[in-house]
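# Observations on the three-dimensional arrangement
Residue strings, one per chain:
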Amino acid sequence: MAPALPRLLVTRRLPQEVETRLGKAFAAQLNADDHPMSEAEILAGAEGKDALLITPMDKSFATGIIAKLPSSIKIVATFSVGYEHVDIAAAKARNIAVTNTPDVLTDATADIALLLILGAARGAYWGERMVREDRWTSWSPTAPLGFDVTGRRLGILGMGRIGQAVAKRAKAFDMELHYHNRRPVAADLTFGARYHAKLDDMLPFCDFLSINCASTPETRGIVNDKLIAQLPDGAIIVNSARGDIIDDDALIAGLKSGKLAAAGLDVFRNEPKIDPRYRALDNVFLLPHLGSATRDTRIAMGMRAADNLDAFFAGRKPADLLT
Ligand code: DGY
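Residues numbered from 1 in each chain as written. Predicted model: local features only at pLDDT ≥ 70, side-chain atom pairs only at ≥ 80, totals over all residues.

### Looking at the overall build of the protein
- Looking only at helices and strands, one finds twelve helices and twelve strands in the protein.
- Rg of the C-alpha trace for the protein: 21 Å, near the compact-globule value of 20 Å for 323 residues, within the 12% margin.
- In terms of principal-axis extent, the alpha carbons of the protein reach across some 75 × 45 × 30 Å.
- Counting the 323 residues in the protein, one finds 41% classified as buried.
- Here the analysis covers contacts within the protein between residues at least 6 apart in sequence; of these, 64% occur between residues at least 24 apart. (Helix = DSSP H or I, 4+ residues; strand = E, 2+ residues; numbered from the N terminus. Rg over C-alpha atoms; globule rule 2.2 N^0.38 Å. Buried ≥ 20, exposed ≤ 12 C-beta atoms within 10 Å, placed from the backbone. Contact = placed C-beta atoms within 7 Å.)

Dropping the structure here:
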C-alpha cells in the first residue's frame, strides 16, 4: 500500500497549476471560494492536518494562533517573502517549521516600486482619472505638470534582493542612487549606489525615498515626522514593502503641507482597509498590494512553497526554512 499523503490545509485559492500539484502530492483541503479564513476556521481546518499553507493576510499567525494549533501540524509554509505575520519564536517553541517564498517575486515587486516612482512623479494616476472622467480639455504648456525622474536622487531603504532590483531599474533611468542597509552590500549588486551606514545621513539625498526593507520591530513606524523633516522639500516617498513602516499621520501631514510632493503606496497598515484620508489627497498614487501580483510570479511563489513542503516531507531541509 502506498504511504498516506501528508495532509495539508491551504487558506486561500492558489493558481490552478499550484493547486493541481498540491492535489497530487498532498491530501489537500483547498479554499474553493477563496474567502479569507477566520482564526476559528483555520483552527478547525488544521485538525488532523500535517501542514498549513498560508498567506500574509493570515495575521493570526503573529497573534497567538500558533500556540493553539493541533499537535499534528509540523510545518507552516507562507505564500510570501515577508513573514512578519508569523511568530517565528512561537513556531520554534512548538518545533513547527516555517518557510517563505523569496527570490521568485523580486522582479515583479521591483517593477511595482518603479511604477510607484514614475506614477507618483508624473501624476499617472491623476492623468488617468482626468482622461477617464472626460475632464481633459486641452494640452497646456503649464498644467498639469509632474516631476522629472532622470538625474534625481533615489534613496533605497533596505538593500536586500528587492532593493537591489529597484537599484538596477532606477540606474536605467539615470537616477543617482543612495541606500541605507544594516550592512553594506557588494558594489556589483547595488549599481553604484552610495552606502549610508546611518539612515539620517542618507535622507538629505532623497529626492525619492523607496521603502524596500522588511517590517520588523526596528522598522515599524520608521517613516515618521522626524524622518520626513530631513528629506529635501518636495521629496517623493514610495512604499512597496509593508504599510506599517510608515506612520500614516506623518505621511499625510507631509503630503498636505507640501513638504512632500507626492507618495506612491502599494501597501497599507491595515490593508485592505486603508486610512480614508489618503483617498482625499490628490498627490498620492494608491495600489492594492500588487507587488507580486503577476500570473507567472504567483505560480512561481506557489511552486516554491510546494518545493519547501515536498522537501520537508521527504526528510530534507526546505530551501527557505526560517526556523
Ligand atoms: C510578500 O510576498 O511578502 C508580498 O508582499 C506579497 O505580495
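### A few points about the nonpolar core
- Counting 88 residues, the largest nonpolar core has Val76, Ile236, Val238 and Ala263 as its most contacted members.
- Ranked by residues supplied to this core, first place goes to helix 5 (residues 106–122) with nine residues.
- Those residues in contact with Ile236, other than ones at most four positions away along the chain, are Ala120, Ala121, Phe208, Leu260, Ala261, Ala262 and Ala263. (Core = buried A, V, L, I, M, F, W, Y, C linked by C-beta atoms within 7 Å.)

### Digging into the domain arrangement of the protein
- Entries for the protein in the domain assignment read domain 1 (7–104 + 295–313) and domain 2 (106–286).
- The C-alpha centroid of domain 2 is placed 31 Å from the C-alpha centroid of domain 1.
- Opposite the five residues of domain 1 that make contact, domain 2 presents seven residues.
- Of the residues contributing to the side of domain 1 that touches domain 2, the split by class is one nonpolar, two polar and two charged. (Domains from an automatic or database assignment. Nonpolar A, V, L, I, M, F, W, Y, C, P; charged D, E, K, R; others polar.)

### Regarding the sheet that holds strand 8 (residues 194–195)
- If you walk across this open sheet you meet the seven strands as 8-7-6-9-10-11-12, and the pairing is parallel. Strands with a single pairing partner mark the edges of an open sheet, and in this sheet they are strand 8 and strand 12 (284–286).
- Here helix 11 (residues 248–257) sits on the sheet and contacts strand 10 (235–239), strand 11 (260–265) and strand 12; the angle it forms with strand 11, its principal contact strand, is near 135°. (Pairing = 2+ DSSP bridges. Axes fitted to C-alpha atoms, helices over the stretch in contact; angles between N-to-C directions.)

### Here we look at the pairing of strand 7 (residues 176–180)
- Buried residues dominate strand 7, accounting for four of its five residues.
- The pairing of strand 6 (residues 153–157) with strand 7 spans five bridges and is parallel. Looking at the pairing, Leu157 lines up with His180 of strand 7.
- This β-α-β element, strand 6 to helix 7 (residues 161–172) to strand 7, shows right-handed connectivity.
- As paired strands, strand 7 and strand 8 are joined by two bridges and run parallel to one another. The partner of Tyr179 across the bridge, within strand 8, is Tyr195. (Right-handed = clockwise from strand over helix to strand, strands pointing away.)

### Quick word on the packing of helix 5 against helix 7
- Two elements in contact, helix 5 and helix 7, have axes whose closest approach is 8 Å; the angle formed by their N-to-C orientations is 55°. Taken together, the axes of helix 5 and helix 7 lie oblique to each other. Crossing handedness for the pair helix 5 and helix 7: right-handed. In this structure, helix 5 uses Thr106, Asp107, Thr109, Ala110, Ala113 and Leu114 to contact helix 7, whose residues at the interface are Arg161, Ile162, Ala165, Val166 and Arg169.
- Across the contact of helix 5 with helix 7, the residue classes break down as six nonpolar, two polar and three charged. (Parallel < 35°, antiparallel > 145°, perpendicular 65-115°, else oblique. Left-handed = near helix turned anticlockwise from the far one by under 90°.)

### Considerations on the sheet that holds strand 1 (residues 7–10)
- Strand order in this open sheet of five strands is 2-1-3-4-5, and the pairing throughout is parallel. Strand pairing shows two members of the sheet lacking a second neighbour, strand 2 (27–29) and strand 5 (97–99), which therefore form its edges. On average, each strand axis in the sheet is inclined to that of its neighbour by 20°, with strand direction left out of account.

### Description of the environment of Ala4
- Tracing the sequence through the fold places Ala4 in the segment before strand 1.
- Taking the C-alpha atoms as reference, Ala4 lies 8.4 Å from Ala27; in sequence the two are 23 residues apart.

### Observations concerning the pairing of strand 10
- Taking burial as the measure, the five residues of strand 10 include five buried ones, the bulk of the element.
- Here strand 10 shows two buried faces, one formed by Ala235, Ile237 and Asn239 and the other by Ile236 and Val238.
- Relative to strand 10, strand 9 (residues 208–211) runs parallel, the two being bridged by four bridges. What sits directly across from Leu209, in strand 10, is Ile237.
- By the bridge criterion, five bridges tie strand 10 to strand 11 in an arrangement that is parallel. Within the sheet, the bridge partner assigned to Ala235 lies in strand 11 and is Leu260.

### With respect to unusual backbone geometry
- Cis geometry is found at the peptide bond from Ala143 to Pro144, where omega equals -5°.
- Within the secondary structure layout, Pro144 lies in the loop between helix 6 (124–132) and strand 6.
- Of note, the bond from Glu271 into Pro272 is cis; its omega dihedral lies within 30 degrees of zero at 10°.
- Relative to the elements of secondary structure, Pro272 occurs in the loop between strand 11 and strand 12.
- The backbone of Asp103 shows a phi angle near 70°, a positive value even though the residue is not glycine.

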